Amino acid sequence: MKKLIDEITAVVTSAFVENGYDEKYGKVTVSNRPDLCEYQCNGAMAAAKEYKCAPFMISDKIAEALASNPMFSSVESVKPGFLNMILAPEYTAQYMNRMKEEPKFGLETAKNPKTIIVDYGGPNVAKPLHVGHLRSAIIGESVKRIAKYMGDTAIGDVHLGDWGLQMGLIITELQVRKPDLCYFDSSFEGEYPKEAPFTLSELEEIYPTASGKSKEDDAFKEAALAATNELQQGRRGYRALLQHILDISIPDLMKNYANLNVSFELWKGEKDAAEYIPDMVQMLKDKGFAHVSEGALVVDVREESDAKEIPPCIILKSDGSSLYATTDLATMVWREKDYHPDAMVYLADKRQELHFVQCFRTAKKAGIVSPNTELTFIGFGTMNGKDGKPFKTREGGVMRLENLVKDVNDKMYEKISENRKAKEELDISEEEARQTAKKIALAAIKYGDLSNQAVKDYVFDIDRFTSFEGNTGPYILYTIVRIKSILAKYIATGKNPDAAGAILPAANASEKKLNLALAGFAGAITGAYEEKAPHKICAYIYELAEAFNGFYHETKILSEEDGARQLSFIKELQLTKDILETCIDLLGFDAPERM
Ligand code: ARG
């Protein structure tokens with residue numbers, strides 16, 4: 001079904017056409033003077049120029065033509081030539097009733113559904129997830145869910161960092177610590193042990209140590225570079241070590257992502273691209289796209305229109321090692337072969353923009369993807385602490401994601417325990433309180449992130465994010481829980497919310513406002529989809545929650561005596577709850593039963 005605003009535009013447009021004016025003048029927008037009207041059309045102002053008359057002559061005519069239209073309770077022509085419209089409550093109620101019956105509340109899903117690969121997460125194996133990985137996971141998961149809801153086949157790929165220098169660093173450090181392991185003996189021909197020669201916590205300590213050493217010790221760094229190269233060239237012992245690292249890291253990563261309500265269809269990594277590198281490199285050379293520059297193999301990607309210098313994309317280093325761009329390009333090769341996607345969307349820190357420009361240009365130029373494959377980079381800003389600097393632990397170290405989540409969980413648990421005592425809801429078990437705290441904490445974290453435009457930096461403010469008031473995740477959940485509780489009370493009086501009955505025309509302004517907010521669903525989702533911008537859904541549900549709470553405070557729902565009117569309220573509540581729950585699911589979190 002059409003969006004509300006499109007239905008209105010259609011009616012206003014026909015009034016223009018019937019009065020002899022071009023259809024382009026009938027466009028309706030949400031009023032920027034909500035104190036005066038709900039919708040407006042400024043078309044008469046522009047039409048006046050074409051038809052050489054005073055704008056109000058046109059707006060008067062249109063207002064007259066629309067005066068008896070049941071869609072409006074008032075259409076006013078206001079000098080110099082504006083049309084101010086207020087919808088009839090009968091019409092908005094009827095719109096609500098249609099929304100309730102239609103799948104996805106009447107949303108028109110994508111006309112040409114696409115296959116889209118969303119490349120997000122991007123953790124580096126052997127390194128614990130830190131707060132830097134949070135944004136990619138949160139935003140990517142939402143972008144993927146929105147695409148699926150709109151009808152696309154969306155495939156999430158975690159794209160593990162498992163092929164670069166960090167692997168060489170770990171191998172080198174292991175060799176220093178345990179030189180006698182068979183993995184380092186190049187004459188070893190037997191089977192490597194099934195059991196890894198290290199634990200997860202050892203691994204998590206080995207990487208930062210090795211990385212620190214490589215910054216101070218040139219010989220160590222050289223050794224790590226050489227190990228990286230040998231790993232890539234296929235040295236057996238190193239490949240076996242890589243497998244151990246993956247076997248140990250991946251289950252831990254999966255657990256961490258599951259805690260964030262994030263899941264990937266594909267658990268591929270940079271290393272899965274390795275087998276496609278030789279042919280790809282050959283093709284780039286054969287077709288003349290790549291050439292040698294200072295020993296390295298590069299592809300020029302400059303374009304006439306570039307305002308600043310875009311350096312060439314480096315495909316192979318002089319020692320033949322592959323780089324970040326090499327695996328990203330070779331990853332496109334297998335994605336193209338296995339999925340032939342219409343689009344690929346990448347999420348990474350916005351400081352990686354140049355890398356993606358280079359890769360995308362190389363891929364297009366060399367035909368690694370087809371000319372109409374959409375390649376999009378969503379570069380996100382930094383999550384900062386209250387001091388405005390990248391978020392750190394109290395001691396100034398890199399914050400592990402797990403610890404951040406735990407801090408917010410604990411804070412939420414404290415809060416709801418206080419509430420619980422205050423409300424004497426002592427029937428809530430410890431277990432339920434923990435589970436509830438976890439849900440609200442996740443909403444606090446995700447909403448805190450997603451409510452900002454991705455490209456912007458934001459301040460992780462735990463006090464603000466966990467507040468039950470204001471533009472926060474917990475406020476949205478609180479609204480949903482409030483509705484659930486009213487519905488439960490209604491049912492407890494022996495009534496059936498699903499009994500036959502319609503949503504009746506709004507009885508007052510706050511109810512009308514709620515209707516209009518509900519009607520905004522399709523526009524919000526479509527906007528978020530087209531612009532890959534989950535923050536639009538946050539803005540929408542905040543407006544909806546506000547409208548609902550305004551209505552709730554002005555309306556006696558449970559003590560309403562007119563049964564049909566009460567059932568109408570209940571149906572509006574259900575619609576509000578269903579829409580809010582759908583939206584938070586698209587953002588990647590859900591609501592508890594009570595809080
Ligand atoms: N592993 C990378 C990092 O931690 C992010 C990967 C982003 N995705 C990609 N296809 N390059 O910075």
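Calculation notes
Residues numbered from 1 in each chain as written. Predicted model: local features only at pLDDT ≥ 70, side-chain atom pairs only at ≥ 80, totals over all residues. UniProt positions renumbered as here; feature names shortened; annotations may be inferred. Domains from an automatic or database assignment. Near = placed C-beta within 6 Å. Nonpolar A, V, L, I, M, F, W, Y, C, P; charged D, E, K, R; others polar. pLDDT = per-residue confidence, 0-100. Helix = DSSP H or I, 4+ residues; strand = E, 2+ residues; numbered from the N terminus. Buried ≥ 20, exposed ≤ 12 C-beta atoms within 10 Å, placed from the backbone. Pairing = 2+ DSSP bridges. Right-handed = clockwise from strand over helix to strand, strands pointing away. Axes fitted to C-alpha atoms, helices over the stretch in contact; angles between N-to-C directions. Contact = placed C-beta atoms within 7 Å. Expected span 1.5 Å × (residues − 1). Bend = angle between axes of the 7 residues up to and from the residue.

Looking up the chain in an unreviewed UniProt entry gives the name Arginine--tRNA ligase, with the organism given as Agathobacter ruminis. The record held by UniProt for the chain lists under Catalytic activity (unreviewed entry) the comment "tRNA(Arg) + L-arginine + ATP = L-arginyl-tRNA(Arg) + AMP + diphosphate". For the record of the chain, the UniProt heading Sequence similarities (unreviewed entry) holds the text "Belongs to the class-I aminoacyl-tRNA synthetase family."

Time to look at the domain arrangement of the chain. Assigned domains within the chain: domain 1 (4-87) and domain 2 (401-587). Relative to domain 2, the C-alpha centre of domain 1 lies at a distance of 35 Å.

Around the ligand, the neighbouring residues are Asp119, Gly122, Asn124, His159, Gly161, Asp328, Tyr346 and Ala348. Class assignment for the residues of the shell around the ligand results in two nonpolar, four polar and two charged.

Averaged over every residue, the pLDDT of the chain is 95; the share at 70 or more is 99%. Interface confidence for the predicted complex, given as ipTM, is 0.98, next to a pTM of 0.95.

What follows deals with the UniProt feature "domain: DALR anticodon binding" (unreviewed entry) in the chain. Within the UniProt annotation, "domain: DALR anticodon binding" (unreviewed entry) is assigned to residues 476-595. Helix makes up 69% of residues 476-595 and strand 0%. Its end C-alpha atoms lie 12 Å apart.

Most of strand β10 (residues 343-349) is tucked away, with five of its seven residues classed as buried. The pairing of strand β5 (residues 115-119) with β10 spans four bridges and is classified as parallel. Bridge pairing links aspartate 119 to tyrosine 346 in β10. Judged from the seven bridges that link them, β10 and strand β11 (residues 374-380) form a sheet pairing that is parallel. Its bridge partner being in β11, valine 345 is matched across the sheet by threonine 376. Of the crossover connections in this fold, the one passing from β10 over helix α12 (residues 353-365) to the parallel β11 is right-handed.

With that out of the way, let us pick up the sheet that holds β5. Read from one edge of the open sheet, four strands run β6-β5-β10-β11, paired in parallel fashion. Strands at the two margins of the open sheet, each flanked by one partner only, are β6 (153-157) and β11. Ignoring strand direction, the axes of neighbouring strands in this sheet form an average angle of 20 degrees. With five bridges connecting them, β5 and β6 associate as parallel partners. Counterpart to isoleucine 117 in the pairing with β6 is isoleucine 155. Helix α5 (residues 132-149) rests against β5, β6, β10 and β11 of the sheet, and its axis sits at about 155 degrees to β10. This element, α12, spans β10 and β11 of the sheet and lies at about 175 degrees to β11.

Glancing now at the sheet that holds strand β4 (residues 82-87). As summarised here, the arrangement of the four strands in space is β1-β2-β4-β3, forming an open sheet in which the pairing is antiparallel. At either margin of the open sheet sits one strand with a lone partner, and together these are β1 (29-30) and β3 (72-78). Bridging between strand β2 (residues 39-41) and β4 involves three bridges; their strand directions are antiparallel. Counted as the bridge partner of cysteine 41 is leucine 83 from β4. Sheet strands in contact with helix α3 (residues 55-66) are β3 and β4, and its direction is about 165 degrees off that of β3.

Looking along the chain, the bond that leaves lysine 79 and enters proline 80 is cis, with omega of 5 degrees. The topology assignment puts proline 80 in the loop between β3 and β4. In this structure, alanine 126 is a non-glycine residue whose phi angle is positive, near 75 degrees. With respect to the secondary-structure elements, alanine 126 resides in the loop between β5 and α5. Located in the positive-phi region is asparagine 261, a residue other than glycine, with phi close to 60 degrees. Position of asparagine 261 among the secondary structure elements: in the loop between α9 (236-259) and α10 (277-286). With 19 C-beta atoms packed within 10 Å, asparagine 261 lands in the partly exposed category.

Given a rise of 1.5 Å per residue, 24 residues ought to cover 34 Å, and the 35 Å separating the end C-alpha atoms of α9 matches this to within 8%. Its maximal kink placed at serine 249, α9 deviates by approximately 25 degrees, while the proline proline 251 follows within four residues. By the burial criterion, the buried members of α9 are Tyr238, Leu241, Leu242, Ile245, Ser249, Leu253 and Tyr257. On its buried face, α9 is in contact with α5, α6 (165-177), α7 (200-216) and α8 (218-233). Two residues or fewer past α9, asparagine 261 is found with a positive phi of approximately 60 degrees.

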